[in-house]
Amino acid sequence: MTDLPAFLDSNRPDVPDLAVPRGITPFFIPSQPVRGRLIRLGPLAHTLLTRHDHSPPVRALLGQALALAASLATALKFSGSFSLQAKGDGPVSMLIADCTDGGALRGYARVDKEADIPADGTARQMLGNGYLAFTVDQGMSREPQQGIVALEGETLAQMAESYFTVSEQLPCKVYLAAGETPQGWRAAALVIERIAGAGGVGPDSSADEQEEVWRTACILADTVTTDELLDDSLAPERLLYRLFHGEGVAVDRPRVLAYGCRCSRARLGSILEGFSPDDLDHMAVDGDIVMNCEFCNFAFRFPRETVNGRSGAS
């Protein structure tokens, strides 16, 4: 325990320092309107998904959300964080995954502990009816950018594709996988997009030819299996070659993914300082105020006498 006031104490909890150097593999088909990303969380998935004692179907859903957030964040140019949030009336009432521009990942699922979730439960069965939101937060200097649509589809991949259809984004296909393997929990995503015709497309390629290339890429991507996506021994480049070698697929520079919970005593302490002394007294149990980070499931303990609260409040 440090002697610093809580709001000045930048100490982090003892959480894993884990990074996957080749977590994101961007790729494209040269001179054609197709690009994509292959996401492999590797051992990072196990570390993130086992912070909470969730059932296997909930862990799988959260794993898919983490892989999806990483795949979408990589496609954007921003400084800050990209978050995926699904809220519904099902037993998983909230699902959150976010990824920073540097590849730091974290996620959380709020689950009704009394609910009986079947082992083969779908995203629709777990989330119920509600909405899906994507948000880009670039800090205090800029307003967050957010898009919200109703949850549509049975799987999280279908819900994401529905978002892009409703919001009139570029056509895309999303493939998500998460599950427990002999090496531990793994999660992955394959996303392909049809880019605007003028962007990197050969000058001699007609609109009909571009459409045919996109249709072929979708057919080939449809052949990917869950086992392939989650297989640590199958290198990303090898999997992409297996899927798209006939189209001349090219791989761009890989990017890192890392354990990314950003909690700290200072961050939570500053929140506590905004409460009145009376509120703080009611929060204290046996002389301590305990705040739990929902992402990494770490409990921060603040002795009541070290937190002053909002000055002038009663």
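First, a word on what this report is: a plain description of the structure on this page. Everything numeric here is computed off the predicted structure, so don't read it as measured data. (Residues numbered from 1 in each chain as written. Predicted model: local features only at pLDDT ≥ 70, side-chain atom pairs only at ≥ 80, totals over all residues. Heavy atoms only, no water.)

## Side note on the pattern of salt bridges
It is possible for side chains bearing opposite charge to pair when their charged atoms get close. Applied cut-off: Salt bridges are counted wherever a side-chain nitrogen of Lys or Arg sits within 4 Å of a carboxyl oxygen of Asp or Glu. Secondary structure elements follow DSSP: runs of H or I of four or more residues count as helices, runs of E of two or more count as strands, with numbering from the N terminus. Each residue is assigned to one of three classes by its accessible area relative to the maximum for its type, calculated with a 1.4 Å probe on protein chains only: buried under 20%, partly exposed between the two thresholds, exposed over 50%.
Tallied over the full model, the rule gives ten salt bridges. Between glutamate 237 and arginine 22 there is a salt bridge, with its nearest N and O atoms 1.8 Å apart. Taken together, the residues glutamate 237 in helix α7 (residues 236-244) and arginine 22 in strand β1 (residues 19-28) connect sequence positions 215 residues apart. Judged by relative accessible area, arginine 22 falls into the partly exposed class, the value being 38%. With a closest N to O distance of 3.1 Å, arginine 37 and glutamate 193 form a salt bridge. You can see arginine 37 sitting in strand β2 (residues 34-40) and its partner glutamate 193 sitting in strand β9 (residues 184-194), a full 156 residues away along the chain. Assessed through its relative accessible area of 4%, arginine 37 is described here as buried. Here the salt bridges share partners, and the residues they tie into one network are Arg35, Arg37 and Glu193.

## Topic: the side chain of serine 83
Under the convention used in this document: Residue contacts follow a heavy-atom distance rule, with two residues in contact if any of their heavy atoms lie within 4.5 Å.
Note that serine 83 resides in strand β3 (residues 81-88). When sequence neighbours within four positions are dropped, the list of residues in contact with serine 83 reads Ala97, Asp98, Ala133, Phe134 and Thr135.

## Here we look at the packing of helix α2 (residues 56-74) against helix α4 (residues 156-166)
Rule in force here: With axes taken as lines fitted to C-alpha atoms, and helix axes fitted only over the stretch in contact, angles between N-to-C directions fall between 0 and 180 degrees. A crossing counts as left-handed when the near helix is turned anticlockwise from the far one by less than a right angle, and as right-handed when that turn is clockwise. Note that Gly is not counted as nonpolar here; it falls among the polar residues with everything else outside the nonpolar set of Ala, Val, Leu, Ile, Met, Phe, Trp, Tyr, Cys and Pro and the charged set of Asp, Glu, Lys and Arg.
Where α2 contacts α4, the axes come no closer than 10 Å and their chain directions differ by 35°. For the pair α2 and α4, the sense of crossing is right-handed. Facing α2, whose interface residues are Leu61, Gln64, Ala65, Leu68 and Leu72, α4 presents Leu156, Ala160 and Phe164. Classifying every residue of the contact of α2 with α4 gives seven nonpolar, one polar and no charged.

## Concerning the side chain of arginine 194
Tracing the backbone through its elements, the reader meets arginine 194 in strand β9. The residues contacting arginine 194, other than those within four sequence positions of it, are Pro33, Leu170, Pro171, Ala207, Gln210, Glu211 and Trp214.

## Side note on the nonpolar core
Filter applied, for reference: Residue types Ala, Val, Leu, Ile, Met, Phe, Trp, Tyr and Cys, when buried and joined through side-chain atoms within 4.5 Å, form a set referred to as a nonpolar core.
Ranked by internal contacts, the top residues of the largest apolar core, which has 71 residues, are Leu41, Val92, Leu105, Leu132 and Leu257. Among the elements that take part in this core, α2 stands out by supplying twelve residues, more than any other.

## Quick look at helix α8 (residues 265-272)
Put simply, the test is: Arc, as used here, means the arc of the directions from the helix axis to the C-beta atoms.
Taken together, the buried positions of α8 are occupied by Arg265, Ala266, Leu268, Gly269 and Leu272. Buried positions in α8, seen along its axis, are confined to an arc of 165° and lie on one side of it. Where α8 is buried, its residues contact α9 (277-283), β12 (288-293) and β13 (298-303).

## Notes on the environment of isoleucine 96
The residue isoleucine 96 is located in strand β4 (residues 92-100) in this model. The class of isoleucine 96 is buried, set by a relative accessible area of 14%. Separated by 34 residues in the primary sequence, isoleucine 96 and leucine 62 have C-alpha atoms spaced 7.9 Å apart. Excluding anything up to four places from it in sequence, isoleucine 96 contacts Leu62, Leu84, Gln85, Arg106, Gly107, Tyr108 and Phe295.

Function cannot be inferred from these measures alone, as they are strictly geometric.
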